[in-house]
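Each chain, written out:
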Amino acid sequence: MKFTISRGVVVSLLLSSVAWAEEGGTIRGTVYVLGNEPLPEAQIVVVGTELVATTNAEGQFEIRGVPASKQELKISFPGYRESTRAVTVVQGQVASIEADLALDEQFGEEIVVTGSKFGEKRLESPVTVETVNAKTIQMAGGASYMTALSVMKGVDYADNGINEKRISTRGFNTQFNSRMITMVDGRLAQMPGNGLPLGGQLPTPNLDVKSVEVVVGPASALYGANAHAGVINVLTKSPWDEPGASVVLRGGTQQLLDGSVRVAGTVAKDFGYKFNSQFVRGMDFAPNRDLPSHYYGGSTRPLIFEGDLLNDYETRTDKAEGFLYYRRGDWNFKGGYGFSLYDGVTLTNAGRNHLRGWQVHYQTVSASHPNWFAQVTRTSSDAGGSYQLDRLASVTQTNGGAPSDPSSLDPVRDQIKFIDHSQLIDSELQYQNTFGGVKLISGAQLRLYKPSSEGTYLADVGGKTLNATEFGGYVQGDYSLLRDKLRLVAAARFDTHSNYTPQFSPKAVAVYSLTRTQHLRVGYNRAFKSPTILENYLLISNTLLGNRTGFLIRDAEGNLISEIRPLVPEQVDSVELGYKATFFNQLLVDVVAYHSWYRDFISSLSARANPSAGTFAFYPDGTPVAEGTPVQGGLSTYSNFGRSRVGGIDLGLEYQLTPQILLNGSASYIRLLSFRNSDATQKALLLNVPDMKLKASITLQDLVLKNSFVRLFGRYQTAYQFSAGRWDSGVFFQDGRVPARFVADLGLGYTFSNGLAVSANVFNLMDDKSVDVLGSAPNGRSAYLQLSYKYAGLEF
């Protein structure tokens, strides 16, 4: 079929388009910060119309088809004071303006991005977001940014050593916390083989951290699987945020030596580069012989003390990153590579592992735009010479006991070492825009897990290949009405998994602004946790097994006692009521109460069959677990069991007493309200966290001396029951509970005018010898002195 268009039609169309173009005029302009730097991604709205524009990387914008008349522009960007400008638009002409936005320094109104995937004031966020900035991380003085997270409201903090700090939220903690995900600039940062957060093995050093945001509570509607109890998002500095060179050197007790370097710069405004590196050396805290929890082996022979298997408790971390940046118009491109190498003793549900040369590598590329974000990241790992201390103790016990020279065990270490050549591919594509007043965010994520242990700790024996694929799509709408007093947020996400049925995660939140500085919110979230690679495919010592197939538990006569079904995803539905407010630009109040319902709860690694107690484990086909070995019939595994309800409340206060004195305090209470379980072979569910946490700090800045700080922080937690794998407080403590603990930290420092700074930190000031979590060695008092230098420049 052939179509023809007459010349008259073409002329008519051209005249119509010209007439349409001449119906209005054009507004062009540039938005600056404090009259100096261009501000990208600022929003410009022509008041009374649906005309909206966003500034590009140079702070420029253009709006066409503006009705010819006197117009009012509203210019805004999170964290800056909104500006209103009048401009007269003439038909067919261009009107030019320049606007200058100033920082909005209202107390307590930090800008966060993780709660909604775009910039918003923390007071107005529809979820609970805790944040620490670079200054707080510096004052905290730890080898890792994780030290600074100990101050956060509603966060359970565990100090397991110089290089190993962990956090959890909303209860049900274990030594392997897989109910929170860790991200760096929006990309997943977790171990590809076991699915755990990178923690101290994250290649990013403190020097490059701009802030850390923690979403406390379910977040699967935007982040997918395993954002079950929250999200940790580490935000780093770009070369435009902080060009120049920085050096930090730190040393102190425990033979600590810690050095970091950051170099970043820009070339011709549109090109940037960044290089980071850090090394840490130290002697970690060692368990003492009075602790029964650090003896290993079978009960028929004398137990082996952990310290007799090691020459010392030296810990080491080496890490480095490099990035290149390019800006073109509204687009920003970034590519980078990073690695970390880790030595030290770490805590697991099965005991303690001695990591020797464990490596993590990643390669990442991303592109961002006011409306688009895309990234692809590959993470790989290599276990080096790492091994399980419990397994070494068993071999040593069989051979007659610990030798006088632990180095003589090196051949055994090499025989039982882990192999890990696992990979993880994480990718995301996101689009956001505003349509008719609704801020819409949509996206899709694809994650490919390719674990490889060659049977040393996973069930990939005999050349068997393990893998898992997760794919999810999400959409969120954000709309304000009643003159911006009422904000409605709704989101939904649909996830598929190669091993499980699809999961649906909805979210609905209403935020009502009682005044400009008082906000009340009520919200509902559903989140889910998919079983990790470890929970599905664990294989250690023949009896520590993942649960991909299910098991049967029988008594000595063959009668069925329990049927353990294969794992399915765990689900939580949670309702929250929150209130955030500031008063007199001095007092911040932040309180949230929550009530959560759990279904198909996934247990920690738990003993389910013990032949010496008359219970025996079988696979569904009738084959005994660990058939033909001395431990035949024994089983520790993971399972779905019971339903539970949990309730809690977190209260935070922040008071700027004077411009130089800041007071912080928080109190958190959590309680297991109910639990139902019909499986007699499964232990009763424990929260595994203290039911009460109290935290307080006082920070003095420029009080006695300009450019100085003094910070005193204390935290208290009540005694609590804990059970995960081999770590059972009912076994290792007389009253069955991990003892209560109080820890105080002190930091002070001074910055000279030439960029040189000196600071000192004392951790565990009162030398408390208890532990945050069962299994870690008691951390006594430690003290460090730090020197740093910052050179501003490297802009070409």
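Quantities reported herein were computed from a predicted structural model and do not represent experimental measurements.

## Some remarks on the overall build of the protein
Across its full length, the protein carries seven helices and 51 strands. A compact globule built from 796 residues should have a C-alpha radius of gyration of about 28 Å, and the protein, at 29 Å, falls within 12% of that. When the backbone C-alpha atoms are referred to their principal axes, the protein occupies close to 95 × 80 × 45 Å. Contacts in the protein between residues far apart in sequence, at least 24 positions, make up 66% of those at least 6 positions apart. When the accessible surface of the protein is summed, it comes to about 33300 Å², and 56% of that surface belongs to carbon and sulfur atoms. With 73 positive and 75 negative side-chain charges, the protein shows a separation of 3 Å between the mean positions of the two kinds.

## A few points about the pattern of salt bridges
For the structure shown, the criterion picks out 39 salt bridges. A salt bridge links arginine 352 to glutamate 306; the nearest nitrogen and oxygen atoms lie 2.7 Å apart. You can see arginine 352 sitting in strand E25 (residues 351-368) and its partner glutamate 306 sitting in the loop between strand E22 (304-305) and strand E23 (314-328), a full 46 residues away along the chain. Of the charged contacts, one joins aspartate 426 and arginine 447 as a salt bridge, the two residues approaching to 3.3 Å between their closest N and O atoms. Of the two residues, aspartate 426 sits in strand E28 (residues 423-435) while arginine 447 sits in strand E29 (residues 438-450), which places them 21 residues apart along the sequence. Overall, aspartate 426 belongs to the buried group, its relative accessible area being 3%. Among the charged side chains, a salt-bridge network with shared partners connects Asp208, Lys237, Glu242, Arg262, Lys274 and Lys790.

## Let's talk about empty space enclosed by the protein
All chains considered together, the criterion is met by 16 cavities of 30 Å³ or more. For the second largest cavity, the calculated volume is near 300 Å³. If you go around the second largest cavity, you meet 22 residues; those closest to its centre are Asp159, Gly161, Lys165, Phe763 and Ser782. Contributions of two or more residues to the lining of the second largest cavity are made by strand E12 (155-159), strand E49 (741-751) and strand E51 (782-792). Per-element accounting of the lining of the second largest cavity gives the leading share, three residues, to E49. Class assignment for the residues of the lining of the second largest cavity results in eight nonpolar, eight polar and six charged.

## Some points on the sheet that holds strand E4 (residues 52-54)
Across the sheet, which stays open at both edges, the four strands sit in the order E4-E3-E6-E7 with antiparallel pairing between neighbours. Looking at the sheet topology across the chains shown, the edges are occupied by E4 and strand E7 (83-88). Neighbour-to-neighbour, the strand axes of this sheet turn through a mean angle of 25°, independent of strand direction. Here three bridges tie strand E3 (residues 43-46) to E4, and the two strands are oriented antiparallel to one another. Within E4, the residue paired with isoleucine 44 across the bridge is alanine 53.

## Remarks on the sheet that holds strand E41 (residues 615-618)
If you trace the three strands from one edge of the open sheet to the other, you get E37-E36-E41, paired in antiparallel fashion. Two strands lie at the open edges of the sheet, namely strand E37 (560-564) and E41, each paired on one side alone. Recorded for the sheet is a direction-independent mean angle of 20° between the axes of neighbouring strands.

## A few points about the pairing of strand E24 (residues 331-348)
Sheet topology note: the E23/E24 ladder contains 13 bridges and is antiparallel. Directly across from arginine 328, in E24, lies its bridge partner tryptophan 331. Hairpin connection, E23 to E24: the antiparallel pair is bridged by two residues, and glycine 329 has positive phi, about 60°. Looking at chain direction, E24 and E25 are connected through 16 bridges and run antiparallel. Paired with threonine 348 across the strands is glycine 351, a residue of E25.

## Thoughts on the nonpolar core
Core analysis: the biggest nonpolar cluster contains 65 residues, and Tyr145, Leu149, Ile167, Val212, Val214, Tyr223 and Val231 have the highest contact counts within it. Sort the elements by how many residues they give to this core and strand E16 (residues 209-216) lands first, with five residues. Aside from chain neighbours lying at most four places away, what touches tyrosine 145 is Ile137, Thr182, Leu202, Asn206, Val212, Ile232 and Val234. Listed in part, the 24 residues of the second largest apolar core include Leu310, Val345, Ile416 and Ala724.

## Quick notes on the confidence of the model for the protein
When pLDDT is low, close inspection of the predicted coordinates is not appropriate. Looking at the protein, pLDDT values average 90 and 96% of them are 70 or higher. Below a pLDDT of 50 lies the segment residues 1-22, which in the model reaches two contacts outside its immediate sequence neighbourhood of four places, other chains included.

## A closer look at helix H4 (residues 389-398)
Turning to H4, its buried residues number three or more, namely Leu389, Leu392, Ala393, Thr396 and Gln397. Projected down its long axis, H4 shows its buried positions confined to an angular sector of 135°, all on one face. Looking at the buried residues of H4, the elements they touch are strand E21 (295-296), E22, E24, E25, strand E27 (387-388) and helix H5 (410-416). Downstream of H4 by a residue or two, glycine 400 has a phi angle that is positive, lying close to 110°.

## Remarks on the environment of lysine 450
Along the chain, the position of lysine 450 falls in strand E29. Look at lysine 450 and you get partly exposed, because its relative accessible area is 42%. With 15 residues separating them along the chain, lysine 450 and threonine 465 place their C-alpha atoms 8.4 Å apart. Apart from the residues within four sequence positions on either side, lysine 450 is in contact with His421, Ser422, Gln423 and Leu466.

## A few points about the packing of aromatic side chains
Per the stated rule, a full pass over the model turns up 19 aromatic pairs. Here the aromatic rings of tryptophan 331 and phenylalanine 333 are separated by 6.1 Å at their centres, their planes lie at 15°, and the arrangement is stacked. Given a relative accessible area of 34%, phenylalanine 333 falls into the partly exposed group. Taking the centre distance of 6.5 Å and the plane angle of 45° together, the rings of phenylalanine 583 and phenylalanine 584 count as tilted. Under the relative-accessibility criterion, phenylalanine 584 is labelled exposed at 75%. One aromatic cluster is present, formed by Phe172, Tyr598, Phe601, Phe641 and Phe675 through successive ring pairs. The aromatic ring of tyrosine 784 is capped on one face by arginine 250, whose charged end is 5.0 Å from the ring centroid. Directly above the ring of tryptophan 727 sits arginine 726, whose terminal nitrogen or CZ lies 4.8 Å from the centroid.

## Describing the side chain of aspartate 728
Turning to its location among the elements, aspartate 728 is positioned in strand E48 (residues 727-728). At 2.8 Å, the side chain of aspartate 728 and the backbone nitrogen of glycine 730 are in polar contact. With residues up to four places along the chain from it excluded, the contact list for aspartate 728 reads Lys683, Phe722, Ser723 and Leu774.

## Thoughts on the environment of leucine 424
Along the polypeptide, leucine 424 turns up in strand E28. With a relative accessible area of 1%, leucine 424 lands in the buried category. Other than its neighbours up to four places away in sequence, leucine 424 contacts Leu188, Gln190, Pro192, Thr377, Arg378, Thr379, Leu448 and Tyr449.

## Thoughts on a nonpolar patch on the surface
Taken together, the side chains of Leu482, Tyr512, Leu514, Leu520, Val522, Val575, Leu577 and Trp597 define a hydrophobic patch exposed on the protein surface, amounting to about 690 Å² of accessible area. Within the secondary structure, leucine 514 is located in strand E32 (residues 500-515).

## Let's talk about the side chain of serine 603
Here serine 603 shows up in the loop between strand E39 (587-599) and strand E40 (606-609). Setting aside residues no more than four positions away along its own chain, serine 603 makes contact with Thr637, Tyr638, Ser639, Phe641 and Gln682.

Cut-off values and rules
- Residues numbered from 1 in each chain as written.
- Predicted model: local features only at pLDDT ≥ 70, side-chain atom pairs only at ≥ 80, totals over all residues.
- Heavy atoms only, no water.
- Helix = DSSP H or I, 4+ residues; strand = E, 2+ residues; numbered from the N terminus.
- Rg over C-alpha atoms; globule rule 2.2 N^0.38 Å.
- Contact = heavy atoms within 4.5 Å.
- Areas by Shrake-Rupley, 256 points an atom, 1.4 Å probe, with all protein chains shown as cover.
- Lys, Arg positive; Asp, Glu negative; His and termini not counted.
- Charge placed at Lys NZ, Arg CZ, Asp CG, Glu CD.
- Salt bridge = Lys/Arg side-chain N within 4 Å of Asp/Glu carboxyl O.
- Buried < 20%, exposed > 50% of the residue type's maximum accessible area, 1.4 Å probe, protein only.
- 1 Å grid on protein atoms, 1.4 Å probe; cavity = no way out; pocket = protein on both sides within 12 Å on 5 of 7 lines; lining within 4 Å.
- Points joined across faces, edges and corners; volume = space filled by probe spheres on them.
- Nonpolar A, V, L, I, M, F, W, Y, C, P; charged D, E, K, R; others polar.
- Pairing = 2+ DSSP bridges.
- Axes fitted to C-alpha atoms, helices over the stretch in contact; angles between N-to-C directions.
- Core = buried A, V, L, I, M, F, W, Y, C linked by side-chain atoms within 4.5 Å.
- pLDDT = per-residue confidence, 0-100.
- Arc of directions from axis to C-beta.
- Phe/Tyr/Trp six-rings, centres within 6.5 Å; stacked < 30°, edge-to-face > 60°.
- Lys NZ or Arg CZ within 6 Å of the ring centre and 35° of its normal.
- Polar contact = N/O pair within 3.5 Å; in protein donor to acceptor, adjacent residues only side chain to side chain.
- Patch = residues over 30% accessible without salt bridge, like charges linked within 9 Å, V, L, I, M, F, W, Y side chains within 5 Å.

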